[in-house]
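Residue-level structure breakdown
Now for the letters of each chain:
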Amino acid sequence: MTDLAPAFPRGALRKAAARVDAATPADRDRAVDALRACAVLGVVLGHWLVTALVADGTALHAASPLRDMPWLAPVSWAFQTLAVFFLVGGHVATRGWASARARGESYGRWLAARLSRLFRPVLAVLGLWAVTAALLLLTGADLATVHTLVKLALSPMWFLLVFAALTAVTPLLARLHPLWPLVVVLHVDLLRFGFGAPSWLGWVNLAAGWLVPYTLGAAWTRGDLDRRRSGWILLAGGAASTAALVAWAGYPASMVGVPGAPVSNLDPPTLAAVTFGLAQCGLALLLRERLRRAMRRPVAWAAVALVNLSAMTIFLWHQTALMATTATGLLAGRLPGLHTPPDGLEWDAARLLWLPVFALALTGCWATFRSVEQRGRGRRGSRVVRAHRPQRPATTTGGARHV
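All values reported here derive from a predicted model rather than from experimental measurement. As a convention, each chain's residues are numbered from 1 in the sequence order in which they are written. Local features in this predicted model are restricted to residues whose pLDDT is 70 or higher, and side-chain atom pairs enter the listing and the counts only when it is 80 or higher, whereas totals over whole chains, interfaces and linings include all residues. As a convention, hydrogens and water are excluded, and side-chain values are obtained from all of the structure's heavy atoms.

Things to note about helix α12 (residues 228-248)
Taking 1.5 Å as the rise per residue, α12 with 21 residues should run 30 Å; its terminal C-alpha atoms sit 30 Å apart, in good agreement. Buried within α12 are the following residues: Ser230, Gly231, Leu234, Gly238, Thr242 and Leu245. Projected onto a plane normal to the axis of α12, the buried residues spread over an arc of 95 degrees and lie on a single side. Opposite the buried face of α12, at more than 90 degrees from it, the exposed residues are Arg229, Ile233, Ala247 and Trp248. Whether two residues touch is decided by their heavy atoms; if any such pair falls within 4.5 Å, the residues are in contact. What counts as a helix is a DSSP run of H or I of at least four residues, what counts as a strand is a run of E of at least two, and both are numbered from the N terminus. Taken together, the buried residues of α12 touch α11 (205-222) and α13 (271-286). For a helix, the expected span equals 1.5 Å multiplied by the number of residues minus one. Between buried and exposed lies partly exposed: a residue is buried under 20% and exposed over 50% of the maximum accessible area for its type, with that area taken using a 1.4 Å probe on protein chains only. By construction, the arc corresponds to the directions joining the helix axis to the C-beta atoms.

This is the structure:
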């Protein structure tokens, strides 16, 4: 699986997909991997669509089309998929911890293995950008430009710190009801926006807000969300609550931050972002059976497996791919949709044409740095597929393995 090239003749692609399909453990819940892949790719596409680097003389500054075109807020509804990632993360972590305990594995060893896979790819990003920033400053680049580029490149890492912290306390969260962190978010927002409490209090929601989908993942593991009614309740309740908060409580319609806006739904998470995440989690749960059926197709499953094997590489390098394209494009002047202000439909149309170029640049980053992530899997190899070892149907029970 890890030796697949980006492009194949159709026949070779189908044969490779068939090998991946045969090498996948029979008891693996492929819907979980499909949801994770959708969450990662949603974040990537969302950033590429709403992040602009505007060339202003010799400097670059960040901008967003959502500032001048707020009617584009539904774009953020489709691509702000972090709640789904935390839902899957909570489910996978609690299953993995239960499996580790059953094997007699210590907490320290289990946590070290998970954090190693999470953070090993970070070292390559930090190293490259440390060198890049130093070279830019030594060659006289504008300090504000360097700050903008480094901030964009490293901004995805806030998520890793939160995810790592939740992973570390997974044994304590395995039985926690999602209502408790939701109540914390509600009270924090009441204090901030209703009673004028200091804005720094909102950072409590950085943990509490993402605890909600993470503990929903734990509830999924416990079997509390197996009935479709649970998904419908989350979807309908979350959507109605979010609509009410936006329409009558003054929360922003955009589910991502907008430069210059007084309040961001994501930085730190607000009650609206959390209720929106509940709706997303409900939809994800409702789609599980359809995704399981779709993943029976070898080509579809091979694509999802490839994204999962490279999820951290894709996540960590997608902003670098955007910036590399932007910097290279400057050699040809200020290009529409790449260096121009995102203030009209012309920019939107041009940005859509740049997406394949960003994807090509990300493919280059993936080809260069994916080996770092693969080494992070250790000797036991990938749990998504077992290369060169087709699996026979499982003869024991115990659920899908996502550890």
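Some thoughts on the pattern of salt bridges
Salt bridges are defined as contacts in which a side-chain nitrogen from Lys or Arg sits within 4 Å of a carboxyl oxygen from Asp or Glu. Overall, the coordinates contain seven salt bridges when judged by the stated rule. Two residues, Arg28 and Asp33, come together in a salt bridge whose shortest N-O distance is 2.8 Å. Judged by its relative accessible area of 0%, Asp33 falls in the buried class. For Glu105, the salt bridge identified is with Arg103, shortest N-O distance 2.8 Å. Looking at Arg103, the relative accessible area reads 43%, which means it is partly exposed. Look at the salt bridges and you will find they share partners, linking Arg28, Asp33 and Arg36 into a network.

A few points about the confidence of the model for the protein
In this model, the protein carries an average pLDDT of 89, and 91% of its residues clear a pLDDT of 70 or more. Confidence of the predictor in every single residue is expressed as pLDDT, which spans 0 to 100. Across the protein, α13 holds the top mean pLDDT of 98, while helix α1 (residues 10-22) sits lowest at 86. A low-confidence stretch, residues 1-7 stays under pLDDT 50, and its non-local contacts, those more than four residues away or across chains, total 16 contacts. Note on residues 387-401: pLDDT is under 50 here. Beyond four places in sequence and across chains, it has 24 contacts.

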